[in-house]
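Given next are the chains, with one letter for each unit.
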Amino acid sequence: MSLMRRLIDELPAQLRWAAAAEVPELALATEGLVLGMGGSGFAGDVAAVFAEAQGVRVAVHKGYGLPGWAAAGHIAVVAVSHSGNTEETLSGVEAAHTAGLAVAATATGGVLAQRASEWSLPYLAVPPGAQPRAAAGYLAGATLRLLESAGVVTGTVAALTEAADVAEALLAGDAPAVAGEVAASLRGRIGIIYGSGPLTAAAAGRWKAQLNENGKVPAWWSVLPELDHNEIVGWAALPAIGSDAVGVVFLHDGGEDARTHRRAQLTAELMAPVHVAGTVASRGAGPLARLFSLVVVGDLVSVAVAEQAGIDPVPVAVIERLKKALAE
Ligand code: PA5
């Protein structure tokens, strides 16, 4: 089994680690702001979905500094960086610290861990590992636990446990076969992932990023119902691109609006001859389990895409080169 497949298999254990982690105390807040990029920023997407289901706002900032509104809010800022060295995230932590906001951090170490120690920020260290995107269970779990410690969300331990159970069942069950079928249908094509609401939009973003980083292929994502108001028209003039160069995957979730399913069917029909590479539905009861059920399948698809092309999914040399060039 390849290293990346082994790391995907570790997801349930990572979620259980987070459920059992000892979490520092945070100042109480009414909403959250997660700072993070790429594989680490996905933890913020997960937290936003989890919080929304509880009627709470957790925003995600993927860039330098802080969003303009942040200084005025009663917010818990959680900085997430697997390496602890991501310059955009570090700039946000510095801005938040300077503005006197309550900041907590999670990382494997790096400058973020140093800042947390210098500035006495609540800090939750996650176990070191191969790649940020392969630490999604640790990073999302730690972020949720920190937000719960600030009183922003509740019930994270039970939710992480359910997510781990569902992920485990899928990995031992039909997920590898389902993923293999979707990957075969995406062979030689650009993946376009369509979500159908906030939970599946977060999953679609993860699928896209994993196809990029593990599969080393271009991929994009979009979300219903918004795409029915623009993107659906955009396939018309270049039918050969739709039929031969791309593969659309629809993601569904039981929590989405009842109209969305019919919308997705009509969208697929009206987009023809755009190639539909598959439809995947979430499993589980709670939002965290449902989101991670889609993550598991998408992660496996991305590795299968790499394997089909004879590519090692693990290295992301161009990201490293870019970071090095920026540091110089
Ligand atoms: O997957 C990757 O390697 C990237 O998307 C990184 O997660 C991103 O560059 C941010 O780095 P870090 O996760 O160390 O903060």
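Residues numbered from 1 in each chain as written. Predicted model: local features only at pLDDT ≥ 70, side-chain atom pairs only at ≥ 80, totals over all residues. Heavy atoms only, no water.

**Here's the deal with the sheet that holds strand β3 (residues 75-81)**
Reading across the sheet, the five strands line up as β2-β1-β3-β4-β5 and stay open at both edges, with parallel pairing between neighbours. Every other strand in the sheet has two partners, leaving β2 (58-61) and β5 (123-125) as the edge strands with one partner each. Within the sheet, the average angular offset between the axes of one strand and its neighbour, ignoring direction, is 20 degrees. Note: β3 against strand β4 (residues 102-107), six bridges, orientation parallel. Each residue of the ladder has a partner; that of A76, found in β4, is A102. In the packing of helix α5 (residues 110-118) onto the sheet, contacts are made with β3, β4 and β5, and the angle to β4 comes to roughly 140 degrees. Together, β1 (31-35), β2, β3, β4 and β5 form the strand contacts of helix α6 (residues 136-149), whose direction differs from that of β3 by roughly 160 degrees. (Pairing = 2+ DSSP bridges. Helix = DSSP H or I, 4+ residues; strand = E, 2+ residues; numbered from the N terminus. Axes fitted to C-alpha atoms, helices over the stretch in contact; angles between N-to-C directions. Contact = heavy atoms within 4.5 Å.)

**Some thoughts on the sheet that holds strand β7 (residues 219-223)**
Strand order in the open sheet formed by four strands is β7-β6-β8-β9, and the pairing between neighbours is parallel. The sheet is open, and its two edges are formed by β7 and β9 (276-281), each paired on a single side. Pairs of neighbouring strands in the sheet enclose a mean axial angle of 20 degrees, with direction left out of account. As paired strands, strand β8 (residues 246-252) and β9 are joined by five bridges and run parallel to one another.

**A word on the packing of helix α3 (residues 38-52) against helix α12 (residues 287-308)**
In contact at an axis separation of 9 Å, α3 and α12 are set at 145 degrees when each is read in the N-to-C sense. Between α3 and α12, the contacting residues are F42, V46, V49 and F50 on the first element and L288, L291, F292 and V295 on the second. Class assignment for the residues of the contact of α3 with α12 results in eight nonpolar, no polar and no charged. (Nonpolar A, V, L, I, M, F, W, Y, C, P; charged D, E, K, R; others polar.)

**Quick notes on the nonpolar core**
Core analysis: the largest hydrophobic core is formed by 78 residues, its most contacted members being W207, F292 and V301. Sorting elements by how many residues they give to this core places α12 first, with 13 residues. Split by domain, the residues of this core number at least three in each of domain 1 (3-162) and domain 2 (173-308). Each residue touching V301, except ones within four places of it in the same chain, is listed here: A179, V182, A183, L186, W207 and L211. In this structure, A70, L90, V93 and A105 belong to the second largest nonpolar core, which totals 17 residues. (Core = buried A, V, L, I, M, F, W, Y, C linked by side-chain atoms within 4.5 Å. Buried < 20%, exposed > 50% of the residue type's maximum accessible area, 1.4 Å probe, protein only. Domains from an automatic or database assignment.)

**A look at the domain arrangement of the protein**
According to the domain assignment, the protein consists of domain 1 (3-162) and domain 2 (173-308). Placing a centre on the C-alpha atoms of domain 1 and another on those of domain 2 gives a separation of 26 Å. Taken together, the contact pairs 19 residues of domain 1 with 23 residues of domain 2. At the surface where domain 1 touches domain 2, the tally comes to two salt bridges. Inspection of the domain 1/domain 2 interface yields six residue pairs in polar contact (both at pLDDT 80 or more). Of all the elements in the fold, those that place two or more residues in the side of domain 1 that touches domain 2 are α1 (3-9), α2 (11-20), α3, α6 and α7 (156-172). Counting residues per element, the side of domain 1 that touches domain 2 draws most heavily on α3, at six residues. Residue classes in the side of domain 1 that touches domain 2 are distributed as 14 nonpolar, no polar and five charged. (Salt bridge = Lys/Arg side-chain N within 4 Å of Asp/Glu carboxyl O. Polar contact = N/O pair within 3.5 Å; in protein donor to acceptor, adjacent residues only side chain to side chain.)

**Digging into the packing of α3 against α6**
Describing two packed helices takes the angle between their axes plus the distance from one axis to the other. Running from N to C, α3 and α6 point in directions that differ by 50 degrees, and their axes come no closer than 8 Å. Here α3 is positioned oblique relative to α6, judged by the angle of their axes. As α3 packs across α6, the resulting crossing turns out to be right-handed. Across from G39, S40, F42, A43, V46, A47 and F50 in α3, the residues of α6 making contact are A136, L139, A140, T143, L144 and L147. Residue classes in the contact of α3 with α6 are distributed as ten nonpolar, three polar and no charged. (Parallel < 35°, antiparallel > 145°, perpendicular 65-115°, else oblique. Left-handed = near helix turned anticlockwise from the far one by under 90°.)

**So, the environment of G92**
Counting through the fold element by element, G92 comes out in helix α4 (residues 87-98). Note: C-alpha distance between G92 and A130 (38 residues apart in sequence) is 25 Å. Beyond its immediate chain neighbours, meaning those up to four positions away, G92 contacts L35, G65 and L66.

**Comments concerning the site of the ligand**
Taken together, M37, G38, G39, S40, S81, H82, S83, T86, P132, E213 and K323 make up the full set of residues adjacent to the ligand. In the model, an oxygen atom of the ligand is placed 2.6 Å from a nitrogen or oxygen of the S81 side chain. Between E213 and the ligand, the recorded distance is 2.5 Å, taken from a side-chain N or O atom to an oxygen atom. Out of a free accessible area of 370 Å², the ligand has 93% covered by protein chains. Take the shell around the ligand: its biggest share by element is three residues, from α3. Its residues assigned to classes, the shell around the ligand comprises two nonpolar, seven polar and two charged. (Near = heavy atom within 4 Å. Areas by Shrake-Rupley, 256 points an atom, 1.4 Å probe, with all protein chains shown as cover.)

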